[in-house]
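# Examination of the molecular architecture
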Amino acid sequence: MAEMVDLKSVERRAWRAFYQDGAFDIQLGLLWVGSGFVILINRGVDSLALRLVIYGVWMLATLVPGFLIKKRITAPRLGRVKFGERRRHRTTLTRLVTIVLVLLTWGLVVLTAMGVFPPALAGGGSGLLVAAIVTALIVAFFASFAYLMGFPLGCLYAVVLSVGISVDVLFSRPLVISATGMVALVLGLVVLARFVRAHPVV
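Residues numbered from 1 in each chain as written. Predicted model: local features only at pLDDT ≥ 70, side-chain atom pairs only at ≥ 80, totals over all residues. Heavy atoms only, no water.

Okay, the overall build of the protein chain next. In terms of regular secondary structure, the protein chain is built from eight helices and zero strands. N-terminal to C-terminal, the α/β element order of the protein chain is α-α-α-α-α-α-α-α. Counting across all 202 residues of the protein chain, residues that qualify as buried make up 36%. Nonlocal contacts in the protein chain, meaning residues at least 24 apart in sequence, comprise 78% of its contacts between residues at least 6 apart. (Helix = DSSP H or I, 4+ residues; strand = E, 2+ residues; numbered from the N terminus. Buried < 20%, exposed > 50% of the residue type's maximum accessible area, 1.4 Å probe, protein only. Contact = heavy atoms within 4.5 Å.)

Okay, here's the thing in C-alpha cells:
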C-alpha cells in the first residue's frame, strides 16, 4: 500500500521554508539601519515635502533586496508554491494589518514633521507620548506578524526596535535606530545562509 501523505504537514513545511529565507529580516534590517541616517539627514532639511520624499524613497528602496531574494534564491529552490485557502487568508490579513500600521506610522511622521509633537527633550511629555505611540505600533505589527505568519523572531524585533526608536525620540539619537537595525540584518543574513545550505538548487 502506498504511503499516506500528510498534505497539511507538507504545506506547513513549505510555508515555513518559504517565509524563513531571511528576506523579511534583511528588508527590516536595511530599513532601520538606513532610517537612522535618513532621520539624521532630514533634521537639516526644512521642506516637509522633501523630508517625506526622502523617507518614502528609502522605504521603497528597502523592498528591492527582499524581492530579489525571493526571485533569485527562494523561488529556484522551492519552486512556485500555492498555499491553501487558510494560508492565503492569513497572508491577506497580514498585508492589511501591515498597510494600516504603516499608514498610522506615516501619519505620526507627518504630524511630527509638522510640529504637532514639539521636539522632545529627555523626559518631556510629548517625547514620551511619541515613544509610547511608536512602541505600540511596532509591538502591534510584530505581534500580528508573528502570530499570523509563524514568525517567532517578530517578538525580538519588537523589543529591539522599540528601544531604538524610544531612545531617538527621547534623547535625539537616531543612529541608535541604525544599531538596532543591525540586529535584524545580521540575523537575516544568518537565516539566509542556513536556507541556502538546507535547500540547494537541484
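Read on, since the account is not over.
With that settled, the discussion passes to the side chain of Asp168. On the secondary structure map, Asp168 appears in helix H7 (residues 153–171). Looking at Asp168, the relative accessible area reads 6%, which means it is buried. Contact partners of Asp168, with chain neighbours within four places excluded, come to Ile39, Arg43, Arg173, Pro174 and Ile177.

Here helix H8 (residues 175–198) is 24 residues long and its end C-alpha atoms lie 35 Å apart, about the 34 Å a rise of 1.5 Å per residue gives. Taken together, the buried positions of H8 are Ile177, Ser178, Thr180, Gly181, Ala184, Leu185, Gly188, Leu192 and Phe195. (Expected span 1.5 Å × (residues − 1).)

Glancing now at a nonpolar patch on the surface. Side chains of Leu93, Leu96, Ile99 and Leu103 sit close together on the surface and give an oily, nonpolar patch of about 380 Å² of accessible area. With respect to the element layout, Leu96 can be found in helix H5 (residues 85–113). (Patch = residues over 30% accessible without salt bridge, like charges linked within 9 Å, V, L, I, M, F, W, Y side chains within 5 Å. Areas by Shrake-Rupley, 256 points an atom, 1.4 Å probe, with all protein chains shown as cover. Salt bridge = Lys/Arg side-chain N within 4 Å of Asp/Glu carboxyl O.)

Moving on: the nonpolar core. Ranked by internal contacts, the top residues of the largest apolar core, which has 21 residues, are Leu28, Trp32, Ile138, Phe142, Tyr157, Leu161 and Ile165. Only helix H2 (23–42), helix H6 (125–149), H7 and H8 provide two or more residues apiece to this core. The leading source of residues in this core is H6, at seven residues. Discounting residues that sit within four places of it in the chain, Ile138 has contacts with Ala158, Leu161, Ser162 and Ile165. (Core = buried A, V, L, I, M, F, W, Y, C linked by side-chain atoms within 4.5 Å.)

A word on the side chain of Asp21. Residue placement: Asp21 occurs in the loop between helix H1 (7–18) and H2. Of note is the side chain of Asp21, whose polar atom sits 3.0 Å from the side chain of Lys70. Reaching out from Asp21, the side chain makes a polar contact with the side chain of Thr74 at a distance of 2.4 Å. (Polar contact = N/O pair within 3.5 Å; in protein donor to acceptor, adjacent residues only side chain to side chain.)

Where H2 contacts H7, the axes come no closer than 12 Å and their chain directions differ by 0°. As the angle between them shows, H2 and H7 are arranged roughly parallel. Within the contact between the two elements, H2 uses Asp25, Leu28, Trp32 and Ile39 and H7 uses Leu153, Tyr157, Leu161, Ile165 and Asp168. Grouping the amino acids of the contact of H2 with H7 by side-chain chemistry returns seven nonpolar, no polar and two charged. (Axes fitted to C-alpha atoms, helices over the stretch in contact; angles between N-to-C directions. Parallel < 35°, antiparallel > 145°, perpendicular 65-115°, else oblique. Nonpolar A, V, L, I, M, F, W, Y, C, P; charged D, E, K, R; others polar.)

Here we take up H7. If you check H7, its first and last C-alpha atoms are 27 Å apart, about what 19 residues at 1.5 Å a residue would give, namely 27 Å. Where H7 is concerned, the buried positions are Gly154, Tyr157, Ala158, Val160, Leu161, Ser162, Gly164, Ile165, Ser166, Asp168, Val169 and Leu170.

Checked against the element boundaries, Thr135 lands in helix H6. Taking relative accessible area as the criterion, Thr135 reaches 23% and is therefore assigned partly exposed. For Thr135, the contacting residues outside a window of four places in its chain are Ser162 and Ser166.

With 74% of its residues at a pLDDT of 70 or more, the protein chain has an overall mean of 76. Per-residue pLDDT, averaged within each element of the protein chain, yields its smallest value for H1 (62) and its largest for H8 (92). Below a pLDDT of 50 lies the segment residues 1–5, which in the model reaches one contact outside its immediate sequence neighbourhood of four places, other chains included. Below a pLDDT of 50 lies the segment residues 119–125, which in the model reaches 10 contacts outside its immediate sequence neighbourhood of four places, other chains included. (pLDDT = per-residue confidence, 0-100.)

Attention now goes to the packing of H2 against H8. Between H2 and H8, the least distance of the axes is 7 Å, while the angle of their chain directions is 160°. In terms of orientation, H2 and H8 fall into the roughly antiparallel class. Like other packed secondary-structure pairs, H2 and H8 cross with a definite hand, here left-handed. Where H2 approaches H8, its residues Asp25, Ile26, Leu28, Gly29, Leu30, Trp32, Val33, Ser35, Gly36, Phe37, Ile39 and Leu40 are matched on the opposing element by Leu175, Ile177, Ser178, Gly181, Met182, Ala184, Leu185, Gly188, Leu189 and Leu192. Across the contact of H2 with H8, the residue classes tally to 15 nonpolar, six polar and one charged. (Left-handed = near helix turned anticlockwise from the far one by under 90°.)

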